[in-house]
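Read off the chains here:
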Amino acid sequence: MLKHRGFPGRLPGTDFQFTIRRANKDGATRLVARERYADRRNSDRRADAAFMAALWEHFGGEPFERGNLDAGRLSWVFGREVVPAEDPFDPESYDALLRIDVARARMAFPDIFGGEG
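Residues numbered from 1 in each chain as written. Predicted model: local features only at pLDDT ≥ 70, side-chain atom pairs only at ≥ 80, totals over all residues. Heavy atoms only, no water.

A. Examining the nonpolar core more closely. Ranked by size, the top nonpolar core spans 25 residues in total, and within it F7, M52, L55, F64, V82 and L98 carry the most contacts. Elements with a contribution of two residues or more to this core: α1 (42-59), α2 (71-75) and β3 (97-100). Broken down by element, this core gets its largest block of residues, six residues, from α1. Not counting the four nearest positions on each side in its chain, F64 is found in contact with L55, F59, L69, V82, A96, L97, L98, R99 and I100. (Core = buried A, V, L, I, M, F, W, Y, C linked by side-chain atoms within 4.5 Å. Buried < 20%, exposed > 50% of the residue type's maximum accessible area, 1.4 Å probe, protein only. Helix = DSSP H or I, 4+ residues; strand = E, 2+ residues; numbered from the N terminus. Contact = heavy atoms within 4.5 Å.)

Written out as structure tokens, the structure is:
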């Protein structure tokens, strides 16, 4: 499992985890697209925005390996702002390649990308 050096481990001052320390002995947790409902807590929204900002700062628009990125946190943006970068895609692999869908991420998190377009 690739460890993304320099990537923040969590949202500062919270328990919202962004990375994991070691690989699961039973294999990587499956990535699934989680629905983000309008009534989510403000702290959850902040965590999503901080995670997306870290992804953008660390990887930009380039494909990146899932590695030690937390499956739970990835699942909140997976299938929308973060999409598979390979076909076939294995959602249960630490080696799976992902990329930011910049157009969708700009719409969902305009403050991170400097506004629309």
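B. Representation of the packing of aromatic side chains in the model. Scanning the entire structure with this criterion turns up six aromatic pairs. Following the ring pairs from residue to residue traces out a cluster consisting of F7, F18, F51, F59 and F64. The lysine or arginine in question, R40, covers the ring of W76, its NZ or CZ lying 4.1 Å from the ring centre. (Phe/Tyr/Trp six-rings, centres within 6.5 Å; stacked < 30°, edge-to-face > 60°. Lys NZ or Arg CZ within 6 Å of the ring centre and 35° of its normal.)

C. Examining a positive patch on the surface more closely. Positive charge collects at one region of the surface, where K3, R5, R21 and R22 lie side by side. Within the secondary structure, R22 sits in the segment before α1. With relative accessibility at 65%, the residue R22 sits in the exposed group. (Patch = residues over 30% accessible without salt bridge, like charges linked within 9 Å, V, L, I, M, F, W, Y side chains within 5 Å. Areas by Shrake-Rupley, 256 points an atom, 1.4 Å probe, with all protein chains shown as cover. Salt bridge = Lys/Arg side-chain N within 4 Å of Asp/Glu carboxyl O. Lys, Arg positive; Asp, Glu negative; His and termini not counted. Charge placed at Lys NZ, Arg CZ, Asp CG, Glu CD.)

D. Just α1, in detail. Taking 1.5 Å per residue as the helical rise, α1 with its 18 residues ought to reach 26 Å, and the 26 Å between its terminal C-alpha atoms agrees with that figure. Turning to α1, its buried residues are S43, D44, A47, D48, F51, M52, A54, L55 and F59. Looking at the buried residues of α1, the elements they touch are β1 (64-65), α2, β2 (82-84), β3, α3 (102-108) and α4 (110-113). (Expected span 1.5 Å × (residues − 1).)

E. Main features of the environment of D95. Mapped onto the secondary structure, D95 falls in the loop between β2 and β3. Here the alpha-carbon distance between D95 and H58, two residues 37 residues apart in the chain, equals 17 Å. In this view, D95 contacts E65 and E86; residues no more than four positions away in its chain are not counted.

F. Structural context of the sheet that holds β3. If you walk across this open sheet you meet the three strands as β1-β3-β2, and the pairing is antiparallel. This sheet does not close on itself; its edge strands, each paired only once, are β1 and β2. In the sheet, β2 pairs with β3 via three bridges, with the strands oriented antiparallel. Bridge pairing in β3 links P84 to L98. Where α1 meets the sheet, its contacts fall on β1, β2 and β3, and the angle it forms with β3 comes to roughly 105°. (Pairing = 2+ DSSP bridges. Axes fitted to C-alpha atoms, helices over the stretch in contact; angles between N-to-C directions.)

Fair warning: the whole summary comes from geometry, so function is off the table for now.
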